[in-house]
Amino acid sequence: MSLFKARDWWSTVLGEKEEFDQGCLCLADVDNSGNGQDKIIVGSFMGYLRIFSPHPVKTGDGSQAEDLLLEVHLRDPILQVEVGKFVSGTEMLHLAVLHSRKLCVYSVSGTLGNVEHGNQYQIKLMYEHNLQRTACNMTYGSFGGVKGRDLICIQSMDGMLMVFEQESYAFGRFLPGSLLPGPLAYSSRTDSFITVSSCRQVESYKYQVLAFATDADKRQETEQQKLGSGKRLVVDWTLNIGEQALDICIVSFNQTVSSVFVLGERNFFCLKDNGQIRFMKKLDCSPSCFLPYCSVSEGTINTLIGNHNSMLHIYQDVTLKWATQLPHIPVAVRVGCLRDLKGVIVTLSDDGHLQCSYLGTDPSLFQAPKVQSRELNYDELDVELKELQKIIKDVNKSQGTALWPMTEKEDDLKVSAMVSPSFDSVSQATDAEVGTDLVPSVTVKVTLQNRAVLQKVKLSIYVQPPLVLTRDQFTFEFTTPEMTSTVAFSVYLKRSYMPSTLDGNAVVSYSRPTDRNPDGIPRVIQCKFRLPLKLICLPGQPSKTASHKLTIDTNKPPVSLLSLFPGFANQSEDDQVNVMGFRFLGGSRVTLLASKTSQRYRIQSEQFEDLWLITNELILRLQEYFEKQGIKDFACSFSGSMPLQEYFELIDRHFELRKNGEKLEELLSERAVQFRAIQRRLLARFKDKTPAPLQHLDTLLDGTYKQVTALADAVEENRGDLLQSLSRLQSATRLLILLLGLWQKLSTDQLALLEAAFLPLQEDTQELGWEETADAAISHLLKTCLSKSSKEQALNLSSQLDAPKDTSRLKKHITLLCDRLAKGGRLCLSTDAAAPQPMVMPGGCTPIPESELEERALEQDSAELFTNHRHLIAEPPMPEVPPLQGVLE
C-alpha cells in the first residue's frame, strides 16, 4: 500500500449501474473553444454520452451542476470515443463515437447565456456509417500521410480492418490468421497499424500494404467484404511477447524517434519502430490500464500504470518514481489541462467513478494530545494476562484453527476396512479384458463410526491400476453422534498385466463444526487395506528353468510352502512342501522354491517384474508366521548382485514408448492441420458461384481422414502400452527398493525415502514423466546425504524437469546410488550424514571412481554396457498421401 494517496481535485459518480471500459474516456477541446482547456468526454455501455468541464471545489463538496456540459442518451452501447479532424473541408475538432454496429461523428458547440449556468451545449450529427460487422475498437490518424484531416480505422470482432476516409468508406481487409481482436494503434511516423494477435505477438502492417492488398473492382467490393477475399497481407514485422495485451500506445516526443508501448498481463514493453525491444518491465501486480504521457529528460519516457490493487505507479522507463493510492480500480487513465492546471490525472473505474487528481502530499496539522501519566499496577496486569491466556487456550481447544487441535482425529471418526475372505458368488468383473481366464472379484467393506457431528463427509477409495472398483466415491451425513455407516464395493483385475501393489487406501475427508466456525474445520483420515494374492493369481505348474532368479536368505529354518500359501496347493503335485507354482491372470508364471538344507528361498520367473509380488508376499507371510510363533528376531537378507541390467531394460522400454507417443501426437497434429486446410479449400470451391474442378481435393480429403483415424488409434494403443509399461516399471522399482533394503539393512524411514525418490508419480504424461522426476530426486540424494564431500554438495546434480534425450544419465545416477550405499552411505533428510561404514559390495555393482580418470572409465563402461539393450518401437503403417504444398499454396 502506498504511503501517499492521490489528491482529489474533482470527482463524481456517473449514473447508476452503468459499465465503462478503457475506450470510454477521452480528453480534448471538443467544443473548439481555443483557450487550451480540455473537456472530459465519457461514454458508457448503457449508451450515455457525457461531457464535463470540471471546476476545482473544496474537499467533500463533490461536483457542481454546471460541471456537466452535456448528457445525451444515444441508445446504442458506446464502445469508444475519440476527438479529431473527422469532417472534410474543415480542421475543426469533432467527436467520433463508436457503437457496436455504427460509427457516428458529431460536432459539439456551445451557446453563451446571460449567466454562468445558462450556457447551453448541443451536439449535431455530421455523418454516420452503418457497419456490416460487429466493431471492437478503433484508431485514427493521418493515414498515408494526408494533411489537415484524420482517417478512422475500425477493427471488427472477426479481425477485419475497415478504413473510412471521413464521410466515405475506403476499404476493408482481413488480418491473416486472426482469431480474436486485440488492441489497435496507428504510428504516424512509420504509417503502419500495430496490434497484438491471438498468437500473443505484436504485429505491424503498413497502410500502403493494406490499401493495395486487393484488385477487386467496386462492383465486387461488397461481396468481397462478406467473403473476406483478396490477396494475402504481408506483415511488416512481428514480436512474440508471450502474453495477451491489454492496450497499445504509440508516443513520439521527439520528431526523429517514436516508441511503441504495449501493456501485457504481467509486463509492459517499449519497442522501437522496427519491432526491437527497447526495454521491458515485469510488473508486481496485475495491471488494468496505462498511459505514456511525457518525457522529462532526454531519452526517457514517463508512464502511468494502474493496477487491480487500486494503485497508480509512475515509471521513468523501468524505474519506479512514485506510487499513489486511488479510491477505485482504474480502467482508463488520461492526463490533460483543466482550468489552467496542467498535468491533471483523470481516472475512470468500470462502475463509473470519475476522478481528477494530482500527485503530492498535504501537510498534517494534527497534533496528538498529551496523555495523563499514571503509575502501572503490575499485580493487575498479571491477573489480566492470565485471564487473556485462559481465553486463548479455550479458543484453541474449541476451534482448533490457530493451533493443531488438542484432540486426536480418530476421536471424531473411526474408519475400518475389511476384505472378504472369499470371492463374490457372482463376479462383478463384467468388463474385464484378461483373456480366457475367469476373473474373480472380492468385496471390501468400509465402516465409519463418528463420535461427533460431522459435515461434508466424503469417502474415496484408491487401488493401483489395472485393479478397478465398482464404485470409488461415497458421501455420508452424520447429523448426530454415535452413528455407524457401512459401504461395500468390489475390486477386480481389468487388464492382463499385474498391479505394482495389492495395497488399497480409503481416504475420508470431513469438516467438524465448532461454535466459532460453523462451516467446520477440514480434516482427513485414511485407512489402508490389503487385497488377497489369489485375486490376481492362480495355482500353477512349477517351472524348473527361468530367465530371472532371486535368492532370499533368512536366519530361521525353512517353512513349508503349504503352510505359507494354503490357498495355492495343487492337488496334482504331492511334493509341494518345497516348491510351488503361481500363474497370474494373463499368463505369466512364477515359481517359488524353499531349500531343504539351507535357510534360503528362490523366486524365479520369465519376466523380471513378475518377481515382485511373490517376493513381497513371501517376506510378509514369513514375518506373520514367525510372529505367531513368538519369534521376534526373524530377519531376511539379500547377498546376490543387484539386477540393475534387467531394471534398466524396463526403463528403456518405458522411455521408448514415451518418445513414440510424442512422435505419434506430432504426426496426428500435422495431419489434423492438413485435414482442416483441405476442408477450407473444398468449402471455398463449393461456395464459388462459378464451378471449378476439385483437382483431386476429395481424394486428398479421404486419404487424410484415413491417416487421422489410423494415427488416433495408434495414439490410443500407445497410451495403453505406456500405462502397462509404467505398471511393470513400478513393480520392478519396488522390487529393487526391497532388495536394496535387504542388502543394506535399511530402516523403514530409509525405505520410505527411497520409495519417494524412485516413485514420485502415480501416472506420467508427455509433459512430466517418470524419468525426469526420478532423476531429479535421485540427483538430490546424491548431492545431499549420499555426497562424498562438501565440494560435491556444491555441484548442481539435479536435473531439469524436462523430458531427457535418453536414459543414460538416469541409469548412471541409479548405479552411483547403489555404489554409495555399498560404501556405507546413509539415507537421511539432513545433509549431516554419519561417518560411512565400509561394507562388502556384491559383484553386480561397479566401484565409485576416486579420480577423473576413473570417472571417465565409468562413463565408457556404462556406454558399452547399455549399447546392446536398446529397444525400438515401430510406428504403425499409414496410407501414403501426396504432399499438399502445391495444392494449398
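Note that the coordinates shown come from a computational prediction; the quantities given were computed from them, not determined experimentally.

1. Concerning the overall build of the chain
A count of helical and extended segments in the chain gives 14 helices and 43 strands. Per-residue burial for the chain yields a buried fraction of 45% across its 889 residues. For the chain, contacts bridging at least 24 residues in sequence account for 62% of all contacts bridging at least 6. Counting every atom, the chain has about 47700 Å² of accessible surface; 50% of that belongs to carbon and sulfur.

2. What about a nonpolar patch on the surface?
There is a patch of nonpolar side chains on the surface, built from Leu376, Tyr378 and Leu381 and spanning about 340 Å² of accessible area. With respect to the helices, strands and loops of the structure, Leu381 is situated in helix α3 (residues 378-398).

3. Regarding helix α9 (residues 748-758)
For α9, the set of buried residues is Gln750, Leu753, Leu754, Ala757 and Phe758. End-on, the buried residues of α9 take up no more than an arc of 125°, which puts them together on one face. Projecting away from the buried face of α9 at angles above 90 degrees are the exposed residues Thr748 and Asp749. Packed against the buried residues of α9 are α7 (644-687), α8 (697-744), α10 (770-783) and α12 (808-822).

4. Examining the sheet that holds strand β2 (residues 7-13)
On the basis of which strands lie adjacent, the open sheet formed by four strands has the order β2-β29-β28-β27 and antiparallel pairing. Strands with a single pairing partner mark the edges of an open sheet, and in this sheet they are β2 and β27 (330-338). The average angle at which neighbouring strand axes cross in this sheet is 20°, direction not considered. Relative to strand β28 (residues 341-349), β27 runs antiparallel, the two being bridged by eight bridges. Bridging across to β28, Gly336 finds its partner in Val344.

5. Brief notes about the pattern of salt bridges
Counted under the stated rule, the structure contains 29 salt bridges. Put simply, Arg512 and Asp412 hold a salt bridge, and the shortest N to O gap is 2.8 Å. Of this pair, Arg512 sits in strand β36 (residues 503-512) while Asp412 sits in helix α4 (residues 409-412); the two residues are 100 residues apart in sequence, bridging distant segments of the chain. Here Asp702 makes a salt bridge to Lys706, at a shortest N to O gap of 3.5 Å. Remark: Lys706 and Asp702 occur in helix α8; sequence separation between them is four residues, near one turn of the helix. Overall, the relative accessible area of 40% leaves Asp702 in the partly exposed class. What you see here is one network of salt bridges that share partners, running through Asp503, Arg530, Glu617 and Arg621.

6. Here we look at the sheet that holds strand β32 (residues 454-462)
Strand order across the open sheet formed by four strands is β34-β32-β36-β37, with antiparallel pairing between neighbours. Looking at the sheet topology across the chains shown, the edges are occupied by β34 (473-478) and β37 (521-530). With direction set aside, neighbouring strand axes in the sheet form an average angle of 20°. Bridge count for β32 against β36 is six bridges, and the pairing is antiparallel. Pairing of Tyr462 across the sheet is with Asn505, part of β36.

7. Examining empty space enclosed by the protein
One pass over the full model with this rule turns up one cavity of 30 Å³ or more. The calculated volume of the largest cavity comes to roughly 60 Å³. Around the largest cavity, the lining is made up of 14 residues, and of these Leu175, Ser178, Leu180, Ser197 and Glu203 lie nearest the centre. Considering only residue class, the lining of the largest cavity consists of six nonpolar, seven polar and one charged.

8. Observations regarding a negative patch on the surface
Side chains of Asp379, Glu380, Asp382, Glu384 and Glu387 sit close together on the surface and give a patch of like negative charge. Glu384 gets classed as partly exposed once you look at its relative accessible area, which sits at 44%.

9. Focus on the pairing of β37
Only one face of β37 is buried, namely the one carrying Ile521, Arg523, Ile525, Cys527 and Phe529, since none of Pro522, Val524, Gln526, Lys528 and Arg530 on the opposite face is buried. Bridge analysis of β36 against β37 gives ten bridges, and the strand direction is antiparallel. In the strand pairing of β37, Gly504 is matched with Phe529.

10. A word on the packing of aromatic side chains
Counting across every chain of the model gives 22 aromatic pairs. Their ring planes at 20° and their centres at 4.5 Å tell us that Phe626 and Phe634 sit as a pair that is stacked. In textbook terms, an aromatic cluster arises when at least three aromatic residues are bridged by ring pairs, as seen for Phe143, Phe171, Tyr186, Phe193 and Tyr207. When the ring centre of Phe423 is taken as origin, the NZ or CZ atom of Lys534, which lies over that ring, is 5.3 Å away.

11. As for the confidence of the model for the chain
Averaged over every residue, the pLDDT of the chain is 82; the share at 70 or more is 83%. This model gives residues 400-409 a pLDDT under 50, and the stretch forms 15 contacts once residues within four places in sequence are excluded.

12. Description of the pairing of strand β4 (residues 39-43)
Most of β4 is tucked away, with five of its five residues classed as buried. Residues Lys39, Ile41 and Gly43 line one face of β4 and the alternating positions Ile40 and Val42 line the opposite face, and both faces are buried. With four bridges joining them, strand β3 (residues 25-28) and β4 adopt antiparallel strand pairing. Directly across from Ala28, in β4, lies its bridge partner Lys39. Sheet topology places β4 next to strand β5 (residues 48-52); four bridges connect them, and they run antiparallel.

13. Some words on the packing of α7 against α10
Following both chains from N to C, one finds α7 and α10 inclined at 130°, their axes separated by 10 Å at the closest point. Overall, the two elements α7 and α10 adopt an arrangement that is oblique. The segment α7 lies against α10, with Tyr647, Ile651, His654, Phe655 and Arg658 engaging Trp770, Glu771 and Glu772. Classifying every residue of the contact of α7 with α10 gives four nonpolar, one polar and three charged.

14. Here we look at the side chain of Thr300
Inspection of the secondary structure assignment puts Thr300 in the loop between β23 (287-294) and β24 (302-307). Polar side-chain contacts of Thr300 include one of 3.2 Å to the side chain of Gln316. When residues no more than four places from it in sequence are discounted, the contact partners of Thr300 are Ser295, Gln316 and Asp317.

Cut-offs applied
- Residues numbered from 1 in each chain as written.
- Predicted model: local features only at pLDDT ≥ 70, side-chain atom pairs only at ≥ 80, totals over all residues.
- Heavy atoms only, no water.
- Helix = DSSP H or I, 4+ residues; strand = E, 2+ residues; numbered from the N terminus.
- Buried < 20%, exposed > 50% of the residue type's maximum accessible area, 1.4 Å probe, protein only.
- Contact = heavy atoms within 4.5 Å.
- Areas by Shrake-Rupley, 256 points an atom, 1.4 Å probe, with all protein chains shown as cover.
- Patch = residues over 30% accessible without salt bridge, like charges linked within 9 Å, V, L, I, M, F, W, Y side chains within 5 Å.
- Salt bridge = Lys/Arg side-chain N within 4 Å of Asp/Glu carboxyl O.
- Arc of directions from axis to C-beta.
- Pairing = 2+ DSSP bridges.
- Axes fitted to C-alpha atoms, helices over the stretch in contact; angles between N-to-C directions.
- 1 Å grid on protein atoms, 1.4 Å probe; cavity = no way out; pocket = protein on both sides within 12 Å on 5 of 7 lines; lining within 4 Å.
- Points joined across faces, edges and corners; volume = space filled by probe spheres on them.
- Nonpolar A, V, L, I, M, F, W, Y, C, P; charged D, E, K, R; others polar.
- Lys, Arg positive; Asp, Glu negative; His and termini not counted.
- Charge placed at Lys NZ, Arg CZ, Asp CG, Glu CD.
- Phe/Tyr/Trp six-rings, centres within 6.5 Å; stacked < 30°, edge-to-face > 60°.
- Lys NZ or Arg CZ within 6 Å of the ring centre and 35° of its normal.
- pLDDT = per-residue confidence, 0-100.
- Parallel < 35°, antiparallel > 145°, perpendicular 65-115°, else oblique.
- Polar contact = N/O pair within 3.5 Å; in protein donor to acceptor, adjacent residues only side chain to side chain.

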